[in-house]
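Tertiary structure, described
If you want the building blocks of each chain, they are given just below.
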Amino acid sequence: LTAIAVLALAACGGSSGATGGGGATRTTVTAAESEFAITLSKSSLAPGTYTFVAKNTGTVDHALEIEGPGVDQMSTETVAPGSSAQLTVTLQQGTYAVYCPVDGHRDRGMQIALDVGGDGATTETKTTGGGYGGY
């Protein structure tokens with residue numbers, strides 16, 4: 001229940017600092033979003049708390065949404081071109097979907113499968129997108 005409360009508070013915005021309540025360190029991961037791709041700044045993640053900074057480097061509105069073990073559709077607000085927004089989540093071991101929920105962008109390739117390793121082992125992120133995919 002505590003994790004749910006923390007995630008709910010994180011979804012409402014929050015501090016832009018590098019630490020959370022109680023001085024715990026959070027790692028920042030930049031998610032560059034453009035038409036129609038997402039690129040993450042870190043490709044190796046261990047379980048822990050992360051602040052994702054969604055930077056819209058494109059020319060249309062985007063957002064960032066994450067779902068997977070212990071995270072149920074946490075997302076930023078819609079981000080205008082040239083702007084950014086933050087989303088803080090606690091990731092467990094497992095695979096997460098990281099995508100843009102705006103106007104069918106996920107179906108156009110704005111999605112990544114993010115694997116979080118149990119021991120900090122190297123994991124992979126996949127950059128997808130680069131077109132309308134026939135839509």
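Residues numbered from 1 in each chain as written. Predicted model: local features only at pLDDT ≥ 70, side-chain atom pairs only at ≥ 80, totals over all residues. Heavy atoms only, no water.

**Topic: the sheet that holds strand S4 (residues 65–68)**
Judged by pairing direction, the sheet is antiparallel, and its 4 strands sit side by side in the order S5-S4-S7-S8 without closing on themselves. Here the strands that pair on one side only, and so sit at the sheet edges, are strand S5 (71–75) and strand S8 (111–116). Pairs of neighbouring strands in the sheet enclose a mean axial angle of 15°, with direction left out of account. (Pairing = 2+ DSSP bridges. Helix = DSSP H or I, 4+ residues; strand = E, 2+ residues; numbered from the N terminus. Axes fitted to C-alpha atoms, helices over the stretch in contact; angles between N-to-C directions.)

**Concerning the sheet that holds strand S6 (residues 84–91)**
Hydrogen bonds between backbone groups are what pair the strands of a sheet, and the pairing can be parallel or antiparallel. Taken in spatial order, the 4 strands line up as S2-S1-S3-S6 in an open sheet, and their pairing is mixed. Edge strands, defined here as strands with exactly one partner in the open sheet, are strand S2 (37–40) and S6. Neighbour to neighbour, the strand axes of the sheet diverge by 25° on average, direction disregarded.

**Things to note about the packing of aromatic side chains**
Following the criterion strictly, the structure yields 1 aromatic pair and no others. Relative to Phe52, the ring of Tyr50 has its centre 6.5 Å away and its plane inclined at 50°; by these criteria the two rings are tilted. The positively charged end of Arg106 is found above the aromatic ring belonging to Tyr99, 3.8 Å away from the centroid. (Phe/Tyr/Trp six-rings, centres within 6.5 Å; stacked < 30°, edge-to-face > 60°. Lys NZ or Arg CZ within 6 Å of the ring centre and 35° of its normal.)

**Focus on the confidence of the model for the chain**
Residues at a pLDDT of 70 or more form 69% of the chain, whose mean pLDDT is 79. Low pLDDT, under 50, characterises residues 1–22; the predicted model gives this stretch 17 contacts beyond four residues in sequence or across chains. Scored below 50 in pLDDT, residues 120–135 shows 43 contacts in the model against residues more than four places distant or in partner chains. (pLDDT = per-residue confidence, 0-100. Contact = heavy atoms within 4.5 Å.)

**Some thoughts on unusual backbone geometry**
Following Glu35, the chain continues to Phe36 via a peptide bond in cis, the omega torsion being -15°. Structurally, Phe36 is set in the loop between strand S1 (27–34) and S2. Non-glycine residue Gln73 carries a positive phi angle of around 50°. In the Ramachandran plot, Asp103 falls in the positive-phi region, its phi being about 40° despite a non-glycine side chain. Among the structural elements, Asp103 can be located in the loop between strand S7 (94–99) and S8. Take Asp103: its relative accessible area is 66%, and that puts it in the exposed class. (Buried < 20%, exposed > 50% of the residue type's maximum accessible area, 1.4 Å probe, protein only.)

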